[in-house]
Amino acid sequence: MQVVRISAFVVVGTLLLVALWALRRRLHARELELARKAQELAASRAAEQRLCEELAEARRAEEEARRAREEALTASRSKSAFLANMSHELRTPLNSILGFAQLVERDPSLADRHRENLAVICKSGEHLLGLVNDILEMAKIEAGRMTLVDAEFDLHDTLSGLSEMFAVEAQKRGLTLTVEREQDVPRHVHGDEGKLRQVLINLLGNALKFTPRGSVTLRASARRATGAHDGAAAGRVRVSFEVTDTGRGMAKAELAELFEAFAQTTTGRQSREGTGLGLHISRRIVRMMGGDIRVESQVGRGTTLRFDVRLSLADAPDARAGGAARAPAALRAVGLSPGQPRYRVLVVDDRWDVRHCLLKLLDSVGVEARSATNGLGAVAQWETWAPHLVLLDLRMPLLDGYEAASRIKASARGHETVVVAMTASAFEQNRALAAEAGCDDFVSKPFRDADILGLLTKHLGARFEYEERPAEPGAAQGAPAVDLARAAAGLPAALRKDLRRAATRLDAKAVQATLDRFRPEDADLAGAVAELARGYRFDSILALSSADEEEPS
């Protein structure tokens, strides 16, 4: 019995020990679980703290980004305002310089020496205008303000105009200029004629500038779209252009940076002309028009630049729209053709020089003209005088050109008046704003005589009598321009050396003295080179006199 009682105690004690041990295990596991949860809670609190810090940092970054956007927008607006003002301030005096130079040039009693001086003024003014335009175009690209202006135009006339524009320059340089147009090139298209002309003028100008002898050729071809392919739909056409010259060419290392802003090739730096922006801007324009520019060049053998653009086909204009003939480039208008009405033109500008220049020009061709200094005066003159056409500046005090155009066009009689907006601003949105105000056309300052008279022909049907400019003395008539380079290459080496030395020194008298030495043997060549000297084209004389030294290897 005693043994049984002891055994029971042992069993009970053992069970108690086992229960205590199990309880301790559970307590230990519970402690571990609590410790783990405490760690998780600490980690969660740390993560929450990090999240709060990240959210605070994100809020700060968002606030900084908002302030940066506001500052960028303010800077962009300031830049646009500066660009608009700078454009106006630069182009307005250039308009007066070129306008009055052209006005004086119209004087038939002007002495030859004064005419030569005017030619230098015009050439320098045009060169300065080209530099200003390049800088302003670059600024517009950076500001994202360059846009395409889609309008109908005659592509054949554009190509013919380029041929006429550069023909004299090519002849002065002793080069052959050829413009080839394949039969598949459409005549009437929709697109941005101004920007297309800008690209072609830049490429042709560069080709002539860097080609000492030989030829420059512009070729145009087209491929019409018959369906949705190549990114073009039916009714669209892809026109390809190619400008090829026989000039100095470029090395492969120079081609890589040819289209970079402000970059110039070795030949370009030696010429000391331009800004290095022309090709960069041209490529941006071509890409906006759905194409790209490619270049091939070989040192001593010339360069070829190719590009294509997308244009839309347009129907041929009616007889009224297409009846205005374009004035020959080599002729000067001297008056209205007989049997026409007395056209009335109102010139509105707050600058005296602009008004005076336009009034003198219009009066010289027999057009009756009056002026006003602001929009209020323009509206009053229109109501009392009823002009056929109004040349209206957009930026004026008291009442600007936009509001003046709106008031004129608000009445039935105003719809019969042609209103042409004038501005020196570089931004093309002014054209759209002018059209919204009711303007029928748009002309940018500086403008040429032909631009103003062309508006009268286009909108009023005015026809003008032209006086052919007198032939330049001593110039070779009817001979191909390439013969000039060949004739110069046939001169004795000593004469070419003296001519080259005189041209390098920009010494017109020394050039003339050298010409007198071979004038009896070749009067045509002497006369042509003398004409280059009178136009201060020493670069062309230098190219002619160095012809034997620059043959490609």
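Residues numbered from 1 in each chain as written. Predicted model: local features only at pLDDT ≥ 70, side-chain atom pairs only at ≥ 80, totals over all residues. Heavy atoms only, no water.

## Digging into the nonpolar core
If you look at the biggest cluster of nonpolar residues, it comprises 35 residues, and the most contacted ones within it are Leu-155, Leu-196, Phe-241, Phe-307 and Leu-311. Those elements that place two or more of their residues in this core are α3 (155-172), β2 (175-181), α4 (193-209), β4 (214-224), β5 (236-245), α7 (278-288) and β7 (302-313). Non-local contacts of Leu-155, meaning those with residues more than four positions away in its chain, are made with Val-185, Pro-186, Arg-187, Val-189, Leu-196, Val-239, Phe-241 and Leu-311. Among the nonpolar cores identified, the runner-up in size contains 24 residues, and Ala-333, Met-422, Val-443 and Leu-453 belong to it. (Core = buried A, V, L, I, M, F, W, Y, C linked by side-chain atoms within 4.5 Å. Buried < 20%, exposed > 50% of the residue type's maximum accessible area, 1.4 Å probe, protein only. Helix = DSSP H or I, 4+ residues; strand = E, 2+ residues; numbered from the N terminus. Contact = heavy atoms within 4.5 Å.)

## Concerning helix α11 (residues 401-409)
Residues of α11 that are buried: Gly-401, Ala-404, Ala-405, Ile-408 and Lys-409. An end-on view of α11 places all buried positions within 125° of arc, on one side of the element. Where α11 begins, the capping side chain belongs to Asp-400, and its oxygen is found 3.2 Å from the backbone nitrogen of Tyr-402. (Arc of directions from axis to C-beta. Polar contact = N/O pair within 3.5 Å; in protein donor to acceptor, adjacent residues only side chain to side chain.)

## Overview of the pattern of salt bridges
The tally for this structure, following the rule as stated, stands at 23 salt bridges. Glu-33 is the partner of Lys-37 in a salt bridge, and the nearest nitrogen-oxygen pair spans 3.9 Å. With Lys-37 and Glu-33 both in helix α1 (residues 2-105) and 4 residues apart, the pair spans about one turn of that helix. Its relative accessible area of 43% is what places Lys-37 among the partly exposed residues. Among the salt bridges present, the one from Asp-154 reaches Arg-187, with a minimum N-O distance of 2.8 Å. With a gap of 33 residues between them, Asp-154 in strand β1 (residues 151-154) and Arg-187 in the loop between β2 and β3 (188-191) connect regions that are remote in the sequence. Salt bridges linked by common partners bring Glu-180, Arg-219, Glu-242, Glu-296 and Arg-306 together as one network. (Salt bridge = Lys/Arg side-chain N within 4 Å of Asp/Glu carboxyl O.)

## Details of the sheet that holds strand β9 (residues 344-348)
The strands that make up a sheet pair up through hydrogen bonds in the backbone, lying either parallel or antiparallel. Spatially, 5 strands are ordered β10-β9-β11-β12-β13 in an open sheet, and the strand pairing comes out parallel. The sheet is open, and its two edges are formed by β10 (368-372) and β13 (441-444), each paired on a single side. This sheet shows a mean twist of 20° between the axes of neighbouring strands, independent of strand direction. By the bridge criterion, 4 bridges tie β9 to strand β11 (residues 389-393) in an arrangement that is parallel. Note on β11: the bridge partner recorded for Val-347 is Leu-391. Across the sheet, helix α10 (residues 375-385) touches β9, β10 and β11, and the angle it forms with β10 is around 145°. (Pairing = 2+ DSSP bridges. Axes fitted to C-alpha atoms, helices over the stretch in contact; angles between N-to-C directions.)

## Brief notes about the confidence of the model for the protein chain
Of the residues in the protein chain, 74% have a pLDDT of 70 or more, and the chain-wide mean is 76. Summarising per-element confidence for the protein chain, the mean pLDDT is lowest in helix α8 (residues 319-322) (39) and highest in β9 (92). Predicted confidence for residues 228-232 stays below pLDDT 50, and this span has 8 contacts to residues more than four positions away or in other chains. (pLDDT = per-residue confidence, 0-100.)

## Here we look at unusual backbone geometry
The backbone phi angle of Ala-386 is positive, close to 55°, even though this residue is not glycine. When you line up the elements, Ala-386 lands in the loop between α10 and β11. Phi is positive for Leu-398, close to 65°, though the residue is something other than glycine. Counting through the fold element by element, Leu-398 comes out in the loop between β11 and α11.

## Topic: the packing of aromatic side chains
Two descriptors summarise a pair of aromatic rings, namely the distance from one centre to the other and the angle between the planes of the rings. Following the criterion strictly, the structure yields 1 aromatic pair and no others. Ring centres of Phe-241 and Phe-307 lie 5.1 Å apart, and the angle between their planes is 25°; this geometry places the pair in the stacked category. In this pair, Phe-241 is assigned in strand β5 and Phe-307 in strand β7, connecting sequence segments 66 residues apart. Here the two residues Phe-241 and Phe-307 agree in accessibility, since each one is buried. Positioned above the aromatic ring of Trp-382, the side-chain terminus of Arg-413 is 4.2 Å from the ring centre. (Phe/Tyr/Trp six-rings, centres within 6.5 Å; stacked < 30°, edge-to-face > 60°. Lys NZ or Arg CZ within 6 Å of the ring centre and 35° of its normal.)

## Overview of the packing of α3 against α4
Two elements in contact, α3 and α4, have axes whose closest approach is 11 Å; the angle formed by their N-to-C orientations is 30°. Compared by their axis directions, α3 and α4 come out roughly parallel. Where α3 crosses over α4, the two elements pack in a sense that is right-handed. The residues of α4 that touch α3, namely those facing Leu-155, Thr-158, Leu-159, Leu-162, Met-165, Phe-166, Glu-169 and Ala-170, are Glu-193, Leu-196, Arg-197, Leu-200, Ile-201, Leu-204, Gly-205 and Leu-208. Partitioned by chemical class, the residues of the contact of α3 with α4 number 11 nonpolar, 2 polar and 3 charged. (Parallel < 35°, antiparallel > 145°, perpendicular 65-115°, else oblique. Left-handed = near helix turned anticlockwise from the far one by under 90°. Nonpolar A, V, L, I, M, F, W, Y, C, P; charged D, E, K, R; others polar.)

## Quick look at the side chain of Asp-393
For Asp-393, the position within the fold is in strand β11. Accessibility expressed as a relative area gives 1% for Asp-393, which makes it buried. In this structure Asp-393 touches Val-348, Asp-349, Asp-350, Gly-401, Met-422, Thr-423 and Lys-445, once residues within four positions along its chain are discounted.

## Focus on the packing of helix α9 (residues 352-364) against helix α13 (residues 449-460)
Look at α9 against α13: their axes get within 11 Å of each other, and the N-to-C directions meet at 60°. Overall, the two elements α9 and α13 adopt an arrangement that is oblique. Judged by the sense of rotation from one axis to the other, the crossing of α9 with α13 is right-handed. Here α9 contributes Leu-358, Leu-361 and Leu-362 to the contact with α13, which in turn contributes Asp-449, Ile-452 and Leu-456.

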